Amino acid sequence: MADKEIRITFHNSGLRSYIEVDLCRECPRQDGKGCCGHYSPVFYATDLAYLALHRTDLLDLIFSQSHLTILDASITVNNEIDGASYRCRFHKVDGGCVLEQQYRESVCRHFVCPGIAWQQEEELESWRQFFDFLEDYEISLNERIAERLKRAGLTLRNTDNRQEFIDLLKEVYLNETQVVPDVIANQPKEQEFYLVRPLYYGEDWELFYKAHKQ
Ligand code: SF4
Ligand code: SF4
């Protein structure tokens, strides 16, 4: 075990906000995939709308993956078995995730493993509140957009009218995001901090927060 200085950078890009950690490039798991070895990304309405507006090629890339779970307004790209664990289908041994940060879904943009535990730092309280707000904001937006598509009789499960789905999805998303909430408007665009944490290696570097026992 050794202490390590870790740089954490918060990026406020509204619904596409993300947290960047320099340690991920040399993840203490030392398995070439870190937390991406245990996750299957789920793209919800706001993610899909953003991709449809800015990167249709990435939307096509998602739809072209095998082992998708497609619900009315979300798509899960299920991971694949890789050795003794799994690997996200967007993770490459050389270079990690093939998606740039703003095109990832929210867990991938917000997740930071428990060993870094930035939420316990007092000076980062405004960012904790910011990302808590974003989580709720995004969930309610996703629900409203999904409801609107459902009322129009559109579902991603039906491949025949998928373009109609995408067209209405973009329109509702743009309407719903016209007003930027104060929490987003008032938070700095970017801030960088340094934390010192003890590192543990291999499976001793935990990936998931444990639920508190009652
Ligand atoms: S486990 Fe932690 S250090 Fe490793 S890639 Fe994930 S967030 Fe980064
Ligand atoms: S989409 Fe990218 S960040 Fe998310 S789990 Fe897959 S490789 Fe990791």
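A quick note: this is a predicted structure, and the numbers were derived from the prediction, not measured.

1. Some points on the packing of helix α4 (residues 125-151) against helix α5 (residues 162-176)
Now for step 1: Two numbers describe how α4 lies on α5: the axes approach to 10 Å, and their chain directions differ by 135 degrees. As judged from the angle between their axes, α4 and α5 are oblique. Here α4 and α5 pass one another in a crossing that is right-handed. Here Leu 141, Arg 144, Ile 145, Arg 148 and Leu 149 of α4 come into contact with α5, specifically with Phe 165, Leu 168, Leu 169, Val 172, Tyr 173 and Glu 176.
Now for step 2: When its residues are assigned to classes, the contact of α4 with α5 shows eight nonpolar, no polar and three charged.

2. Here's the deal with the environment of Tyr 201
Now for step 1: Tracing the chain through its elements places Tyr 201 in the segment after β10 (190-199).
Now for step 2: For Tyr 201, a count of 12 C-beta atoms within 10 Å corresponds to the exposed category.
Now for step 3: Taking the C-alpha atoms as reference points, Tyr 201 and Cys 27, separated by 174 residues in sequence, lie 8.6 Å from one another.
Now for step 4: When residues no more than four places from it in sequence are discounted, the contact partners of Tyr 201 are Pro 28 and Gln 30.

3. Some points on the site of ligand 2
Now for step 1: Taken together, Cys 36, Tyr 39, Pro 41, Cys 88, Phe 90, His 91, Cys 97, Leu 99, Arg 104 and Cys 108 make up the full set of residues near ligand 2.
Now for step 2: For the shell around ligand 2, the per-class residue count stands at eight nonpolar, one polar and one charged.

Here is what the cut-offs are and how they apply
- Residues numbered from 1 in each chain as written.
- Chains lettered and ligands numbered in written order.
- Predicted model: local features only at pLDDT ≥ 70, side-chain atom pairs only at ≥ 80, totals over all residues.
- Axes fitted to C-alpha atoms, helices over the stretch in contact; angles between N-to-C directions.
- Helix = DSSP H or I, 4+ residues; strand = E, 2+ residues; numbered from the N terminus.
- Parallel < 35°, antiparallel > 145°, perpendicular 65-115°, else oblique.
- Left-handed = near helix turned anticlockwise from the far one by under 90°.
- Contact = placed C-beta atoms within 7 Å.
- Nonpolar A, V, L, I, M, F, W, Y, C, P; charged D, E, K, R; others polar.
- Buried ≥ 20, exposed ≤ 12 C-beta atoms within 10 Å, placed from the backbone.
- Near = placed C-beta within 6 Å.

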